[in-house]
Amino acid sequence: MSAKWSPWVGDLIHDEDVDRRGIVTDVRGGTLWVLRPEYGVEQWTSEHPARLTLLEVRPN
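Asks: Just give me the short version of the nonpolar core, but keep the residues and values in it.
Replies: Core analysis: the biggest nonpolar cluster contains seven residues, these being I13, V24, V27, W33, L35, W44 and L52. Of all the elements in the fold, those that place two or more residues in this core are β2 (20-28) and β3 (32-36).

Asks: Describe in detail the sheet that holds β2, supporting the description with residues and values.
Replies: Strand order across the open sheet formed by five strands is β4-β3-β2-β1-β5, with antiparallel pairing between neighbours. On the outer flanks of this sheet lie β4 (44-46) and β5 (52-56), each paired with one strand and no other. Ignoring strand direction, the axes of neighbouring strands in this sheet form an average angle of 45°. Examined bridge by bridge, β3 and β4 share three bridges and lie antiparallel to one another. Residue pairing in the sheet places V34 in a bridge with T45 of β4.

Asks: Which residues make up the confidence of the model for the chain, and what values go with them?
Replies: Residues at a pLDDT of 70 or more form 93% of the chain, whose mean pLDDT is 91. Mean pLDDT values over the elements of the chain span from 96, in β5, up to 98, in β4.

Asks: So what's going on with the side chain of S46? Which residues, and what values?
Replies: Within the secondary structure layout, S46 lies in strand β4. Residue classification places S46 among the buried positions, given a relative accessible area of 5%. Within polar-contact distance, the side chain of S46 engages the backbone nitrogen of H48 at 3.1 Å. When near neighbours in sequence (up to four residues on either side) are disregarded, S46 contacts D15, T31, L32, W33, L35 and L52.

Asks: Hey, could you go over the packing of aromatic side chains for me, with residue numbers and the actual values?
Replies: Per the counting criterion, the structure on display carries zero aromatic pairs. In this structure, R20 is placed above the aromatic ring of W44, and the distance from its NZ or CZ to the ring centre is 4.1 Å.

Conventions used here
Residues numbered from 1 in each chain as written. Predicted model: local features only at pLDDT ≥ 70, side-chain atom pairs only at ≥ 80, totals over all residues. Heavy atoms only, no water. Core = buried A, V, L, I, M, F, W, Y, C linked by side-chain atoms within 4.5 Å. Buried < 20%, exposed > 50% of the residue type's maximum accessible area, 1.4 Å probe, protein only. Helix = DSSP H or I, 4+ residues; strand = E, 2+ residues; numbered from the N terminus. Pairing = 2+ DSSP bridges. Axes fitted to C-alpha atoms, helices over the stretch in contact; angles between N-to-C directions. pLDDT = per-residue confidence, 0-100. Polar contact = N/O pair within 3.5 Å; in protein donor to acceptor, adjacent residues only side chain to side chain. Contact = heavy atoms within 4.5 Å. Phe/Tyr/Trp six-rings, centres within 6.5 Å; stacked < 30°, edge-to-face > 60°. Lys NZ or Arg CZ within 6 Å of the ring centre and 35° of its normal.

Now the structure itself:
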């Protein structure tokens, strides 16, 4: 991960900690990333943005 990049809402990522792809749905306090699978409604969180690999940036 680049030191300049941090995942943000709408980005498609791979979470290395749980070995899953997901979409960032919220960033709370700059320390907690809320994620959901590409398809589905469940959620999980990550406190380690360095373990989130960018797969695709949300289109503008």
